[in-house]
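Results of the structural survey
These are the residues of each chain, in order.
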Amino acid sequence: MSFFDFNTADQQQSFDLIPKGTLARVRMSIKPGGFDDPSQGWTGGWATQSHDTGAVYLACEGVVMEGPFARRKVWWNIGLYSAKGPTWGNMGRTFIRAALNSARNVHPADNSPQAQAARRISGFADLDGLEFAARIDIEKDGRGEDRNTIKAAIEPDHKDYALVMGVAPKGNMGGGQSSAPAAVAAPGYSPAPAARPASSSVPSGKPAWAQ
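Cut-offs and rules
Residues numbered from 1 in each chain as written. Predicted model: local features only at pLDDT ≥ 70, side-chain atom pairs only at ≥ 80, totals over all residues. Heavy atoms only, no water. Helix = DSSP H or I, 4+ residues; strand = E, 2+ residues; numbered from the N terminus. Expected span 1.5 Å × (residues − 1). Buried < 20%, exposed > 50% of the residue type's maximum accessible area, 1.4 Å probe, protein only. 1 Å grid on protein atoms, 1.4 Å probe; cavity = no way out; pocket = protein on both sides within 12 Å on 5 of 7 lines; lining within 4 Å. Points joined across faces, edges and corners; volume = space filled by probe spheres on them. Nonpolar A, V, L, I, M, F, W, Y, C, P; charged D, E, K, R; others polar. Salt bridge = Lys/Arg side-chain N within 4 Å of Asp/Glu carboxyl O. pLDDT = per-residue confidence, 0-100. Contact = heavy atoms within 4.5 Å. Core = buried A, V, L, I, M, F, W, Y, C linked by side-chain atoms within 4.5 Å.

Focus on helix H1 (residues 87-103)
Here H1 contains 17 residues, and its C-alpha end-to-end distance of 24 Å stays within 8% of the 24 Å for a straight helix at 1.5 Å per residue. Residues of H1 that are buried include every one of Gly89, Gly92, Phe95, Ile96, Ala98, Ala99, Leu100, Asn101 and Ser102, and no others. A positive phi of about 55 degrees marks Asn105, the residue just after H1.

Regarding the layout of surface pockets
Take a probe with the size of a water molecule and roll it over the atoms, and the empty space left behind shows itself. The computed volume of the largest pocket comes to approximately 580 Å³. The wall of the largest pocket is formed by 16 residues, among which Trp42, Arg93, Ile96, Ile121 and Phe124 lie closest to the centre. Elements with a contribution of two residues or more to the lining of the largest pocket: strand S5 (73-81) and H1. Among the elements that make up the lining of the largest pocket, the one with the highest residue count is H1 (six residues). Per-class residue counts for the lining of the largest pocket are six nonpolar, seven polar and three charged.

Quick notes on the pattern of salt bridges
One pass over the structure, following the stated rule, counts nine salt bridges. Note that Glu131 is salt-bridged to Arg25, the shortest N-O span being 2.9 Å. With Glu131 in strand S6 (residues 131-140) and Arg25 in strand S1 (residues 23-31), this pair connects stretches of sequence that are 106 residues apart. Where Lys140 meets Asp146, a salt bridge forms, and the shortest distance between an N and an O atom there is 3.0 Å.

Considering the environment of Pro169
Looking at the secondary structure, you find Pro169 in the segment after helix H3 (161-165). Classification of Pro169 as buried rests on a relative accessible area of 14%.

What about the confidence of the model for the protein chain?
A low pLDDT means the predicted coordinates there should not be read in detail. Averaged over the protein chain, the pLDDT score is 84; the fraction of residues at 70 or greater is 80%. Across residues 175-211, confidence stays below pLDDT 50; counting only partners more than four residues off in sequence or on other chains, it has 52 contacts.

Section: unusual backbone geometry
At Arg71, a position not held by glycine, the phi torsion is positive, near 80 degrees. In this structure, Arg71 sits in the loop between strand S4 (56-64) and S5. The partly exposed category is assigned to Arg71, whose relative accessible area is 39%. The backbone of Asn105 shows a phi angle near 55 degrees, a positive value even though the residue is not glycine. If you trace the backbone, Asn105 turns up in the loop between H1 and helix H2 (113-118).

Some thoughts on the nonpolar core
Met28, Leu58, Trp76, Ile78, Leu127, Phe132 and Ile150 are the most contacted members of the largest nonpolar core, which has 30 residues in total. Where this core is concerned, the elements lending two or more residues are S1, strand S3 (42-49), S4, S5, H1, S6 and strand S7 (146-154). At five residues, H1 tops the list of elements feeding residues into this core. Discounting chain neighbours no more than four positions away, the residues touching Trp76 are Met28, Leu58, Ala59, Cys60, Glu61, Gly62, Phe95, Phe132, Thr149 and Ile150.

With respect to the side chain of Ser29
Looking at where Ser29 falls in the secondary structure, it is placed in strand S1. In contact with Ser29, not counting residues within four places along its chain, are Ala59, Cys60, Glu61, Asp128 and Gly129.

Okay, here's the thing in structure tokens:
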């Protein structure tokens, strides 16, 4: 095939924003920023520190896996530390908890030993390649232009979780209060393999177009 025959090239994708509130299954990857703080357990160079504010965060990219917006990418940051106070870091911890619940099909009110184990990771490398249900949002970028972002993960107590993830959500097994209806339990969570270094290759099972 001649390089100059472009009939076989992929068609150009639309650059229109994904509508605000769209629910989608996304695969998250982290762009290593080279920042470590061993006192916090932040090793492997996964975190990024802002040169302007000193804030520390995970620079994330999400690829939509299915549906009308498949292959589209969304970028956002997960807060880890800010000199202004604990709010930024607490918001990041809340997001990670929700993303783990979503990826590992754990009801947010489930406090069983199995659920608690599913919310633990050995390091940020465990989040690289995580697939979860997300709500796509819209925000202003540094130039004042609209862009897509992700601010919330959709957990198993959400009415559309099963549709987005293609799995029956587990019921609340931890005794907490939730309006989520009971459902057939999905296969139990299995701990993730050992953490990979930041320089590892693309996780296995990732579609070629998502690399």
